[in-house]
Amino acid sequence: MNIQLNQKKVFFASDFHLGAPDETSSKQREDKIIRWLSSIENQAAAIFLVGDIFDFWFEYDKVIPKGFIKFISKISNLRDKGIPIFFFTGNHDLWMKDYFSQELGIPIYHQPIEMTIENKHFLIGHGDGLGPGDQTYKMLKKLFTNPFCKWLFKWLHPDIGIRIAHRWSSNSRLTNMGKNEDHFKGDDEWLWAYCKQINQIKTVDYFIFGHRHLPLDLPVSDNSRYINLGEWVSQFTYAVFDDDGLNLKKFEG
């Protein structure tokens, strides 16, 4: 697919973590996200939502998590207006299946994808489990995505399963804060290292990832850049690609 701008822009955002850390702050964040989406809808050639949009999501056969109806209604409205939306799972909402694609016409991507936008080559994904290191998480991801494990989990009553998942999610955030995961690691930035590895195999103009919770704009080579989108719990950052190139911005509205 080659997305053409036609005097419009392509927007990228990730890590909304709707549902965390509590209902009150999540609803306030949801309102801010909707204001951002409303502010860009007339300019948008496409919108990429790059993982961890929900702090937890599990689709039972007949049940989805309660809440987020204003956000879901907003992106449904954007689709009705003909704006393409590309939705990626992250490590917090990796158990999404086909609800969005069937009900809203929004495709779900579980792995990074390559995309051509205005003849520039993009590699886009959430970023979890990529690059060197983080072996513990990589093992856990294999466990969580195992079909038998998902089958076992779905037999928990949703009230129990979702409560367990939110407790796990909270502990995960606390652990990462203790590891100073929100600080730039220099050459040890593992997604940056991953971009450099891929760029030795193929030419990529822009690598777009989330997950890191740290807005970054770093060179990969003379003609390639790695952009990390940051998060919307406290930073409210996103990226926009237009005729001036790709730039990180912060929503103040």
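Above: the structure in question.
Note that the coordinates shown come from a computational prediction; the quantities given were computed from them, not determined experimentally.

Notes on the packing of aromatic side chains
1) Next: Per the counting criterion, the structure on display carries 29 aromatic pairs.
2) Next: The positively charged end of Lys 32 is found above the aromatic ring belonging to Phe 236, 3.6 Å away from the centroid.
3) Next: Over the ring of Trp 192 we find Lys 196; its NZ or CZ atom is 3.9 Å from the centre of that ring.

Some points on the pairing of strand β12 (residues 245-250)
1) Next: Two strands pair when backbone bridges link them, and strand β11 (residues 237-242) and β12 are joined in this way by 6 bridges, in the antiparallel orientation. By the bridge assignment, Phe 241 is partnered in β12 with Leu 246.
2) Next: Linkage of β11 to β12, two consecutive antiparallel strands, is achieved through a turn of 2 residues.

Description of helix α1 (residues 23-40)
Note that an α-helix has 3.6 residues per turn; residues three or four places apart therefore point the same way.
1) Next: Between the first and last C-alpha of α1 there are 26 Å, a value that for 18 residues agrees with the 26 Å anticipated at 1.5 Å per step.
2) Next: Those residues of α1 that fall on the buried side of the exposure criterion are Ser 26, Arg 29, Glu 30, Lys 32, Ile 33, Ile 34, Trp 36, Leu 37 and Ile 40.
3) Next: Where α1 begins, one side-chain oxygen reaches toward the backbone nitrogen of Thr 24, 3.2 Å away; that side chain belongs to Asp 22.

A few points about the sheet that holds strand β4 (residues 85-88)
Across a sheet, paired strands are connected by hydrogen bonds in the backbone, their directions being either parallel or antiparallel.
1) Next: Read from one edge to the other, the open sheet built from 6 strands follows the order β5-β4-β3-β2-β11-β12, with strand pairing classed as mixed. Of all strands in the sheet, those bounded by a partner on one side alone are β5 (108-109) and β12.
2) Next: In this structure, strand β3 (residues 44-50) lies alongside β4, joined through 4 bridges in parallel fashion. Its bridge partner lying in β4, Phe 48 is registered against Phe 86.
3) Next: Sheet contacts for helix α2 (residues 69-80): β3 and β4; angle to β4, the most-contacted strand, approximately 140 degrees.

A look at a nonpolar patch on the surface
1) Next: Taken together, the side chains of Phe 148, Trp 151, Leu 152 and Trp 155 make up a nonpolar region of the molecular surface, amounting to roughly 510 Å² of accessible area.
2) Next: Its location among the elements puts Leu 152 in helix α5 (residues 147-153).
3) Next: A residue is classified by how much of its surface remains accessible, and Leu 152, at 44% relative accessible area, is partly exposed.

Quick notes on the pattern of salt bridges
1) Next: The tally for this structure, following the rule as stated, stands at 6 salt bridges.
2) Next: Between Lys 74 and Glu 41 there is a salt bridge, with the nearest N and O atoms lying 2.7 Å from each other. One end of the pair, Lys 74, is in helix α2; the other, Glu 41, is in the loop between α1 and β3, with 33 residues separating them in the sequence. The pair Lys 74 / Glu 41 is uniform in exposure class, with both members buried.
3) Next: For Arg 212, the salt bridge goes to Glu 189, with nearest N and O atoms at 2.9 Å.

Quick word on the nonpolar core
1) Next: In terms of nonpolar packing, the biggest core is built from 32 residues, with Phe 16, Trp 36, Phe 54, Phe 71, Phe 87 and Phe 100 touching the most fellow members.
2) Next: Leaving out residues up to four positions away in the same chain, Phe 87 has contacts with Leu 49, Ile 53, Phe 54, Phe 71, Met 96, Phe 100, Ile 106, Pro 107, Ile 108 and Tyr 109.

Quick look at the environment of Lys 202
1) Next: Its location among the elements puts Lys 202 in the loop between α7 (190-201) and β8 (206-209).
2) Next: On the basis of relative accessibility, which here comes to 33%, the residue Lys 202 falls in the partly exposed class.
3) Next: Look past the residues within four positions of Lys 202 in its chain and what remains in contact with it is Glu 114 and His 121.
4) Next: Reaching out from Lys 202, the side chain makes a polar contact with the side chain of Glu 114 at a distance of 2.6 Å.

Section: unusual backbone geometry
1) Next: Of the consecutive residues Ala 20 and Pro 21, the connecting peptide bond is found in the cis state with omega at -10 degrees.
2) Next: By the secondary structure assignment, Pro 21 is in the loop between β2 (9-13) and α1.
3) Next: Unlike most non-glycine residues, Glu 118 shows phi in positive territory, near 50 degrees.
4) Next: Assignment of secondary structure puts Glu 118 in the loop between β6 (113-117) and β7 (120-125).
5) Next: Since its relative accessible area comes to 28%, Glu 118 is described here as partly exposed.

Observations concerning the pairing of β2
1) Next: Counted residue by residue, β2 has 4 buried out of 5 residues, so it is predominantly covered.
2) Next: Tracing the backbone out of β2, into α1 and back to the parallel element β3 gives a crossover that is right-handed.
3) Next: Pairing analysis gives 3 bridges linking β2 to β11, with the strands arranged antiparallel. Paired with Val 10 across the strands is Phe 241, a residue of β11.

Reading guide: rules and limits
Residues numbered from 1 in each chain as written. Predicted model: local features only at pLDDT ≥ 70, side-chain atom pairs only at ≥ 80, totals over all residues. Heavy atoms only, no water. Phe/Tyr/Trp six-rings, centres within 6.5 Å; stacked < 30°, edge-to-face > 60°. Lys NZ or Arg CZ within 6 Å of the ring centre and 35° of its normal. Pairing = 2+ DSSP bridges. Helix = DSSP H or I, 4+ residues; strand = E, 2+ residues; numbered from the N terminus. Expected span 1.5 Å × (residues − 1). Buried < 20%, exposed > 50% of the residue type's maximum accessible area, 1.4 Å probe, protein only. Polar contact = N/O pair within 3.5 Å; in protein donor to acceptor, adjacent residues only side chain to side chain. Contact = heavy atoms within 4.5 Å. Axes fitted to C-alpha atoms, helices over the stretch in contact; angles between N-to-C directions. Patch = residues over 30% accessible without salt bridge, like charges linked within 9 Å, V, L, I, M, F, W, Y side chains within 5 Å. Areas by Shrake-Rupley, 256 points an atom, 1.4 Å probe, with all protein chains shown as cover. Salt bridge = Lys/Arg side-chain N within 4 Å of Asp/Glu carboxyl O. Core = buried A, V, L, I, M, F, W, Y, C linked by side-chain atoms within 4.5 Å. Right-handed = clockwise from strand over helix to strand, strands pointing away.

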